[in-house]
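Architecture and fold: a report
Residue strings, one per chain:
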Amino acid sequence: MIASFHDWLLNFGVIGLLVWLVICILCIAVPVILAVALYVWWERKVLGWMHVRMGPNSVGPAGLAQTFADVFKLLFKEYLVPSQSSKLLFIIAPLIALVPAFAAWAVIPFSQKAVLADINAGLLYLLAMTSMGVYGIILAGWSSNSKYAFLGAMRSAAQVVSYEIAMGIALVGVLICAGSLNLSDIVHAQEAHGAASWFFIPLLPMFVIYFVSGVAETNRAPFDVAEGESEIVAGFHVEYSGAPFAVFFLTEYANMILISFLAATLFLGGWCAPLPESWGVPLLSTPSWIWLFAKVFVFAFFYLWFRAAFPRYRYDQIMRLGWKVFIPLGLFWLFVTGCMAYYGIVGPAATGAGV
């Protein structure tokens, strides 16, 4: 049905193509924005429970409207541009950070047929998109013409680049096991024997490296030195207010949900059920988007748990963890994974997936 609708729109030429692109963008943007709103509400509730507080409970049922009230508050606040800033870069920096965060969702497979762009180089596309967000951070800090914002931008850029290397090494391990850059093929490579086929078993160190690096890359606690309130006053976006600040806020939470989806897709079988489909056990053997969202919920909860449980790391500790622990460990386990693939323990030959 979707293919027929697409072909029908293309009959209208350029206008039909533009309408199709707008529909695709809305199919990504609207669910992600709503998910971010609910995620912020859930974060406040979880932190409240962990700190023996109530959390949001007054605006709307169970406080659900509190996040939307905050959004409208930010949208209607005055948008100030510093007089000595580089105004063009100051204005476009939030968009440079936001667009890659949303564009990456185009290749995420939610089920066997629910994927917007099932491209063969999906993993490479994800690496490119997630690496571009750092430019928005650097430009936001530099264009503000503020020493606090610039210091926060440098901290954040160094942190993101450092942990991006560790995440890239972990993704190479997934590539070796799956034999494909296509995210749907990576999921299919993990479906033969249920949970026993999921890549987190042979790639356990890579799995830990990937998710912890994802927490660091999104500048979340305990790696939130770029926003160290007692040191540099909110970091690279200290000069932003109103809607542009809301865009940075949206980008951060969209990236958190994206990392949760990627961890579930690459290491925990995506939509695959924990038991083999051949066993015929109701629900537990049935591949479904429900399984994917359940796994994502667990990873998203870990983000909140880390924030409530761990103190902020010093900057030298963060750099040491990335460069002296994660990268050497990732390279070593990459060698181990290559040996396992050579002897047929993992890889397309072991899973039965095609290259």
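Structure: above.
Right, let's get into the environment of Tyr343. Relative to the helices and strands, Tyr343 is located in the loop between α12 (315-342) and α13 (348-351). Residue Tyr343 is classed as exposed on the basis of its relative accessible area of 65%. Taking the C-alpha atoms as reference, Tyr343 lies 33 Å from Val281; in sequence the two are 62 residues apart.

Attention shifts here to the side chain of Thr337. Residue position: Thr337 is located in helix α12. Looking at Thr337, its side chain comes within polar contact range of the main-chain oxygen of Trp333, at 2.7 Å. Each residue touching Thr337, except ones within four places of it in the same chain, is listed here: Gly173, Ile176, Cys177, Leu203 and Val346.

A cluster of nonpolar side chains, Val22, Leu26, Val30, Leu34, Phe68, Val71, Phe72, Leu75 and Phe76, forms an exposed patch at the surface whose accessible area comes to about 860 Å². Elements that contribute at least two residues to the nonpolar patch include exactly α2 (14-50) and α3 (66-76). For the nonpolar patch, the element with the most residues is α3, which contributes five residues. Considering the arrangement of structural elements, one finds Val71 in helix α3. A residue is classified by how much of its surface remains accessible, and Val71, at 37% relative accessible area, is partly exposed.

Our next topic: the nonpolar core. By size, the foremost hydrophobic cluster in this structure holds 77 residues, and its most contacted members are Phe102, Tyr210 and Leu266. In terms of residue count, helix α10 (residues 242-267) provides more of this core than any other element does, 14 residues in total. In contact with Phe102, not counting residues within four places along its chain, are Ile28, Ala29, Val32, Ile33, Leu250 and Ala254. Formed by nine residues, the second largest nonpolar core is a distinct cluster that contains Phe90, Ala97, Ile137 and Ala153.

The rules behind these values
Residues numbered from 1 in each chain as written. Predicted model: local features only at pLDDT ≥ 70, side-chain atom pairs only at ≥ 80, totals over all residues. Heavy atoms only, no water. Helix = DSSP H or I, 4+ residues; strand = E, 2+ residues; numbered from the N terminus. Buried < 20%, exposed > 50% of the residue type's maximum accessible area, 1.4 Å probe, protein only. Polar contact = N/O pair within 3.5 Å; in protein donor to acceptor, adjacent residues only side chain to side chain. Contact = heavy atoms within 4.5 Å. Patch = residues over 30% accessible without salt bridge, like charges linked within 9 Å, V, L, I, M, F, W, Y side chains within 5 Å. Areas by Shrake-Rupley, 256 points an atom, 1.4 Å probe, with all protein chains shown as cover. Salt bridge = Lys/Arg side-chain N within 4 Å of Asp/Glu carboxyl O. Core = buried A, V, L, I, M, F, W, Y, C linked by side-chain atoms within 4.5 Å.

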